[in-house]
Amino acid sequence: MNTLIELKNITKTFDDQQVLKGINLKINENEFLTLLGPSGCGKTTTLRIIAGFDEADSGELLFDGIEISKLPPYKREVNTVFQKYALFPHLNVAENIAFGLNIKKTDKTVVVQKVEKMLELVGLSGFEKRDVTSLSGGQQQRVAIARALINEPKVLLLDEPLGALDARLRKEMQTELKKIQKEVGITFIYVTHDQEEALSMSDTVVVMNDGYIQQIGTPTDVYNEPENRFVASFIGESNIIKGTMIRDCLVSFDGFEFECVDKGFKENEEIEVVLRPEDIDIVKPENAKIKGTVESVVFKGVHYEIMVRTELRSYMIHTTDFFEVGLDVGLTFGPEDIHVMWKMV
Amino acid sequence: MLVRRIASLSKGLYVLLCFAFFYTPIFVTMIFSFNSSKSLTKFTGFSLRWYTQLIENSEIMSAVWVSVSVAALATAISTVLGTITAIGLSKSRKIIKEWLTNINNIPIMNPEIVTAIGLMLLFSAMKFEKGYLTMLLAHISFCTPYVITSVYPKVRGLDVNIANAAMDLGATPFQALTKVIVPMIKPGITAGMLLAFTMSFDDFVISYFVSGNGVMNISMIVYNMTKRTNPTINALSTIVIVVIFVAVLVVNVIPKLKNKKGRKINEKNI
Ligand SMILES: Nc1ncnc2c1ncn2[C@@H]1O[C@H](COP(=O)(O)OP(=O)(O)OP(=O)(O)O)[C@@H](O)[C@H]1O
Ligand SMILES: [Mg+2]
């Protein structure tokens, strides 16, 4: 796959506050890449630098291998879908979508055809003459997407495009967006702070925190192999336990040694272990190294969330089986369920 | 029951009295502009005598021209200046924003006479020859704050990303301004424009102080002529009243009609 956009050591400071502290990122053609992170971590700022609304203080921004930091937004081959849509209320749906083409003085009949095609793509055929302020949030969002895509950009930037929608519509639009991306076959750079959304839609997830990139990987990678405590706790729920890497494939925590599959750490290095709640099995106490008592049970719809109190800590376990509070139990997990991470300084 | 009746009756009477107080002088002026004799107390018959005299009086006609042209130019220039300032203001830092909006209110609140004397002194200090140009400059200066005041709230109401969205779609900054920002804040611009026009058109105090060399606008010439009875003034005043009335009507009625039309279109679509 070809690299389309490359960010090299990008930094940005607003009023003495360093918002981006050296972002390095390669974005491929046709990739659905998501910037995921908590509020204020610099996702929007990164996107605005790519779009050209802000300029980085230092670092390089390459597009197709060419430095574009100084290029104004109207000369870049990217288009943006804004969080609050930023539609033009004095224009109707068709005029909003045609805005980019009209600026380029495209032939009228071509414009009409393309607008129609776009409306079909986003499922709004027949809405040409409607006033944009009379549309629902989901419909306005579709207009915003059509307005951007009609310019046939190489990259579409989306800043929390579903943030203003209710849960059900969000789900619907997620599937739709993914479908649209496949259909037009261009790169999507998507910003969200919803980890579920990021995992279900993306080819690549970029986890950010406090102006740094924490991890880049496929959704399965960042979920199963979190590189540090932040990623592990931000994505999904997990038990994070301090431990020691005795040697390759042998880790010690909570006073026991366990076989694992991780390699490449120093001998006796201090590390942290992630155990996902759904990877832990509850068994009879005599069949397990770690023993404890069921502390609480909460029904979560599909599974029970069970807290088990052991000598050193409480473990969270997700299981479809029911266990009574006060029961003595043991906890087991396989070598591949143990994820060893670098300890955060 | 009776008490309430009397109360509501007296309320109506009060409103009526107020209106009578405001409008009687205007009506008297208008009626006597059509009087056939010179009397300002006895209506002796209908005639357009004073209107013909008005048209034949070159001094008055040149004052009309001064008023109209100054108002038109001052409106055009202050609308452009004020709109650009309002847009710039919305992009400034918060502290600058607060200061400038407060400073902008000073000329509006200031007694006109102070502004007038200030401008007069300024023009003398700068050795400007008093006349048409000084009057025009003065009018631009006191009209611009009104434009800023009516445009700024509209600009502030815009989505912060609206200009970015336009540029993102390929518009140059100038195109973003003309094709998106200006159409969106047009109601504010129109209101400011009409306000500026009426302010300039009926200004007396400031014009009186900054003008010279025989350049007079309507208010000034009316003031000069009131020293003797001259019903031509009534004719002139009537015309001015009609012009102002139409302007006020336009300001108040057009947006309402537009709203109604807009709503109808929406209803049709739903
Ligand atoms: N124009 C600006 N001036 C000053 N500070 C800014 C500006 N834009 C962003 N910031 C600051 O930079 C930091 C990062 O902002 P950014 O908008 O990139 O966060 P984000 O990750 O998009 O967060 P969210 O999920 O809340 O949208 C925040 O602390 C914000 O206050
Ligand atoms: Mg943001």
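Residues numbered from 1 in each chain as written. Chains lettered and ligands numbered in written order. Predicted model: local features only at pLDDT ≥ 70, side-chain atom pairs only at ≥ 80, totals over all residues. Heavy atoms only, no water.

A. Structural context of the side chain of Thr319 of chain A. Residue and element names in this part refer to chain A. Mapped onto the elements of the fold, Thr319 is located in strand β18 (residues 314–319). By relative accessible area, which is 14% here, Thr319 ends up buried. One polar contact links the side chain of Thr319 to the main-chain amide nitrogen of Asp321, over a distance of 3.0 Å. Once residues lying within four places of it in the same chain are set aside, the contact partners of Thr319 are Ile282, His303, Tyr304 and Ile306. (Helix = DSSP H or I, 4+ residues; strand = E, 2+ residues; numbered from the N terminus. Buried < 20%, exposed > 50% of the residue type's maximum accessible area, 1.4 Å probe, protein only. Polar contact = N/O pair within 3.5 Å; in protein donor to acceptor, adjacent residues only side chain to side chain. Contact = heavy atoms within 4.5 Å.)

B. How the structure looks around the sheet that holds strand β19 (residues 328–332) of chain A. All names here are of chain A. The strand order β15-β19-β16-β17-β18 describes an open sheet built from five strands, whose pairing is antiparallel. Of all the strands in the sheet, the pair left with one neighbour each is β15 (281–283) and β18. For this sheet, the mean inter-axis angle between neighbouring strands, taken without regard to orientation, is 45°. (Pairing = 2+ DSSP bridges. Axes fitted to C-alpha atoms, helices over the stretch in contact; angles between N-to-C directions.)

C. Broad picture of the interface of chain A and chain B. Across the boundary between the two partners, chain A contributes 25 residues, which contact 20 residues of chain B. Across the chain A to chain B interface the summed buried area is about 2000 Å²; carbon plus sulfur atoms make up 64%. Summed over the three residues of chain A that lose the most area to chain B, namely Tyr74, His90 and Ile103 of chain A, the buried surface amounts to 29% of that side. Our enumeration of links across chain A and chain B arrives at zero salt bridges. (Buried area = accessible area lost by both parts, 1.4 Å probe. Salt bridge = Lys/Arg side-chain N within 4 Å of Asp/Glu carboxyl O.)

D. Layout of the site of ligand 1. All names here are of chain A. Near ligand 1 there are 13 residues, and of these Ser39, Gly40, Lys43, Thr44 and Thr45 occur at the shortest range. Within the side chain of Thr44, one N or O atom sits 2.5 Å away from an oxygen atom of ligand 1. In isolation ligand 1 offers 630 Å² of accessible surface; the protein chains occlude 63% of this area. At three residues, the largest contribution of residues to the shell around ligand 1 is made by helix α1 (residues 43–51). When its residues are assigned to classes, the shell around ligand 1 shows three nonpolar, seven polar and three charged. (Near = heavy atom within 4 Å. Areas by Shrake-Rupley, 256 points an atom, 1.4 Å probe, with all protein chains shown as cover. Nonpolar A, V, L, I, M, F, W, Y, C, P; charged D, E, K, R; others polar.)

E. Spotlight on the nonpolar core. Formed by 64 residues in total, the largest nonpolar core has its most connected members in Ile5, Leu7, Phe88, Phe99 and Ile189 of chain A. One finds Leu87, Val93, Phe188 and Met201 of chain A within the second-largest nonpolar core, a separate group that totals 37 residues. (Core = buried A, V, L, I, M, F, W, Y, C linked by side-chain atoms within 4.5 Å.)

F. Spatial organisation of the domain arrangement of chain A. All names here are of chain A. For chain A, the assigned domains read domain 1 (3–229) and domain 2 (239–342). For domain 1 and domain 2, the distance between their C-alpha centroids amounts to 39 Å. Each partner contributes residues to the interface: domain 1 has eight residues there, and domain 2 has nine residues. Buried area between domain 1 and domain 2, both sides added, is near 790 Å², and the carbon and sulfur share of it is 43%. When the area that domain 1 buries against domain 2 is broken down by residue, the three leading residues are Tyr223, Pro226 and Arg229, summing to 63%. Run the count over domain 1 and domain 2 and you get one salt bridge. Two residues, Glu272 and Arg229, come together in a salt bridge whose shortest N-O distance is 2.2 Å. Taken together, domain 1 and domain 2 are joined by five residue pairs in polar contact (both at pLDDT 80 or more). Along the lines of polarity and charge, the residues of the side of domain 1 that touches domain 2 split into three nonpolar, two polar and three charged. (Domains from an automatic or database assignment.)

G. Here's a closer look at helix α8 (residues 173–201) of chain B. A rise of 1.5 Å per residue sets the reference length of α8 of chain B, with its 29 residues, at 42 Å; its end C-alpha atoms lie only 35 Å apart and thus fall more than 12% short of the reference. Where α8 of chain B bends most, at Lys186 of chain B, the angle is about 65°, and the proline Pro187 of chain B comes one to four residues later. (Expected span 1.5 Å × (residues − 1). Bend = angle between axes of the 7 residues up to and from the residue.)

H. How the structure looks around unusual backbone geometry. All names here are of chain A. Of note in this structure, Glu160 is not a glycine but carries a positive phi near 40°. Within the element layout of this structure, Glu160 appears in the loop between β7 (155–159) and α5 (167–184). A positive phi angle, close to 55°, is found at Asp210, a residue other than glycine. Counting through the fold element by element, Asp210 comes out in the loop between β9 (204–209) and β10 (212–217). The exposure class of Asp210 is partly exposed, given its relative accessible area of 44%.

I. Quick peek at helix α10 (residues 218–225) of chain B. When you tally the buried positions in α10 of chain B, you get six out of eight residues, the bulk of the element. Of all the positions in α10 of chain B, only Ile218, Ser219, Met220, Ile221, Val222 and Met225 of chain B are classed as buried.

J. Examining the sheet that holds β10 of chain A more closely. All names here are of chain A. Read across the sheet, six strands follow the order β6-β7-β8-β3-β9-β10 without closing on themselves; strand pairing throughout is mixed. Of all the strands in the sheet, just β6 (78–81) and β10 have a single pairing partner and so form its edges. Each strand axis lies, on average, 20° off the axis of its neighbour in the sheet, ignoring direction. Contacts from α1 reach β3 (32–36), β6, β7, β8 (187–192) and β9 within the one sheet, and its direction differs from that of β7 by about 150°.

K. Region of the structure containing the environment of Gly118 of chain B. Position of Gly118 of chain B relative to the elements: it lies in helix α5 (residues 112–125). For the pair Gly118 of chain B and Phe204 of chain B, spaced 86 residues apart in sequence, the C-alpha separation works out to 15 Å.

L. Examining the environment of Ile186 of chain A more closely. Residues and elements named next belong to chain A. Take Ile186: it is sitting in the loop between α5 and β8. Remark: the alpha-carbon pair of Ile186 and Phe32, spanning 154 residues in sequence, is separated by 8.4 Å. Look past the residues within four positions of Ile186 in its chain and what remains in contact with it is Asn30, Glu31, Leu149, Pro153, Lys154, Val155, Leu156 and Gln181.

M. Quick look at the pairing of strand β4 (residues 58–63) of chain A. All names here are of chain A. Where strand β1 (residues 3–14) lies against β4, five bridges are found, and the strand directions are antiparallel. Bridge assignment links Thr11 to a residue of β4, and that residue is Ser58. One ladder, built from two bridges, connects β4 with strand β5 (residues 66–67); its direction is antiparallel. Across the sheet, Leu62 pairs through a bridge with Glu67, a residue of β5. Here β4 folds back onto β5, and the loop between the two strands holds two residues, one of which, Asp64, carries a positive phi near 55°.

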